[in-house]
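Tertiary structure, described
Residue strings, one per chain:
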Amino acid sequence: QVQLVESGGGLVQPGGSLRLSCVASGSIFSVLDMGWYRQAPGKQRELVAGITSGGNANYPDSVKGRFTISRDNAKNTVSLQMNSLKPEDAAVYYCNAGRTATGRNYGISYWGLGTQVTVSA
């Protein structure tokens, strides 16, 4: 089992930055791909950044160049640096352990409870 706890969400103005963090319990963290997803009201949950166990990152076009995912296996932590935030980035952001860095689910998928990101002037 892997437990995930996200932090770092909040209110930010358009153009601003936020850094989300996710701390994972469990000894298998370092062998799992990790990802950040978001879900806005009325929309499906979508991948915003994924990272392989080896540190290779994947981003959809909507956030490429603005978001950066990183991981620290020694601290069981994965982070998401979000810059140049837009109102359409507002959502609940979830940390995932187990899905591939491109979002595929092969049966191992753990979720955190999410952290709210609001982008508004």
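Residues numbered from 1 in each chain as written. Predicted model: local features only at pLDDT ≥ 70, side-chain atom pairs only at ≥ 80, totals over all residues. Heavy atoms only, no water.

Focus: unusual backbone geometry
We count it as follows: Buried, partly exposed and exposed residues are distinguished by accessible area as a fraction of the type maximum, computed with a 1.4 Å probe on protein chains only: under 20%, between the cut-offs, and over 50%, respectively. Numbered from the N terminus, helices here are DSSP runs of H or I no shorter than four residues, and strands are runs of E no shorter than two.
Here the phi dihedral of Asn76 falls at roughly 50°; this positive angle occurs in a residue that is not glycine. For Asn76, a relative accessible area of 18% corresponds to the buried category. The backbone of Ser84 shows a phi angle near 50°, a positive value even though the residue is not glycine. Assignment of secondary structure puts Ser84 in the loop between β8 (77-82) and β9 (91-97). Accessibility expressed as a relative area gives 40% for Ser84, which makes it partly exposed.

Overview of the pairing of β9
If a strand is regular, its side chains alternate between the two faces of the sheet. Cut-off, in case you're wondering: We call two strands paired when DSSP finds no fewer than two bridges between them.
Here β9 lies mainly inside the structure; 6 of its 7 residues are buried. The sheet contact formed by strand β4 (residues 34-39) and β9 spans 6 bridges and is antiparallel. The residue bridging Arg38 from the neighbouring strand is Tyr93, located in β9. Sheet analysis places β9 next to strand β10 (residues 110-111), joined by 2 bridges and oriented antiparallel. From the neighbouring strand, Asn96 faces β10, where its bridge partner is Trp111.

A few points about the environment of Ala74
Inspection of the secondary structure puts Ala74 in the loop between β7 (67-72) and β8. When its relative accessible area of 76% is taken as the criterion, Ala74 is described as exposed.

Remarks on the sheet that holds β8
The line we're drawing: Angular values range over 0 to 180 degrees, each being the angle between N-to-C directions of two axes fitted as lines to C-alpha atoms, with helices fitted over their stretch in contact.
Here 4 strands make up an open sheet; going across it, the order is β1-β3-β8-β7 and the pairing antiparallel. Edge positions in the sheet fall to β1 (4-7) and β7, since each has one partner strand and no second. The sheet shows a mean angle of 15° between the axes of neighbouring strands, direction not considered. Note that strand β3 (residues 18-24) and β8 share 6 bridges and pair antiparallel. Across the sheet, residue Cys22 finds its bridge partner in β8, namely Val78.

Looking at the nonpolar core
Stated formally: Only buried residues count toward a nonpolar core. Its members are Ala, Val, Leu, Ile, Met, Phe, Trp, Tyr and Cys residues joined through side-chain atoms within 4.5 Å. We call two residues in contact when some of their heavy atoms are within 4.5 Å.
Counting residues in hydrophobic clusters, the biggest one holds 29 residues, and the most contacted among them are Trp36, Leu80, Met82 and Tyr93. Looking at this core, the elements that each hand over two or more residues are β3, β4, β5 (46-51), β7, β8, β9 and β11 (115-119). Ignoring any residue separated from it by four or fewer positions in sequence, one finds Leu80 in contact with Leu18, Arg19, Leu20, Trp36, Val48, Ala49, Phe67, Thr68, Ile69 and Tyr93.

Let's talk about the pattern of salt bridges
What counts, and what does not: The term salt bridge refers to a side-chain nitrogen of Lys or Arg lying within 4 Å of a carboxyl oxygen of Asp or Glu.
Applying the stated criterion across every chain yields a total of 4 salt bridges. Between Arg38 and Glu46 there is a salt bridge, with the nearest N and O atoms lying 2.7 Å from each other. For the salt bridge of Arg38 with Asp89, the shortest nitrogen-to-oxygen distance reads 2.9 Å. Taken together, the residues Arg38 in strand β4 and Asp89 in the loop between β8 and β9 connect sequence positions 51 residues apart. On the accessibility criterion, Arg38 (7% relative accessible area) is buried. Connected through shared salt-bridge partners, Arg38, Glu46, Arg66 and Asp89 make up one network.

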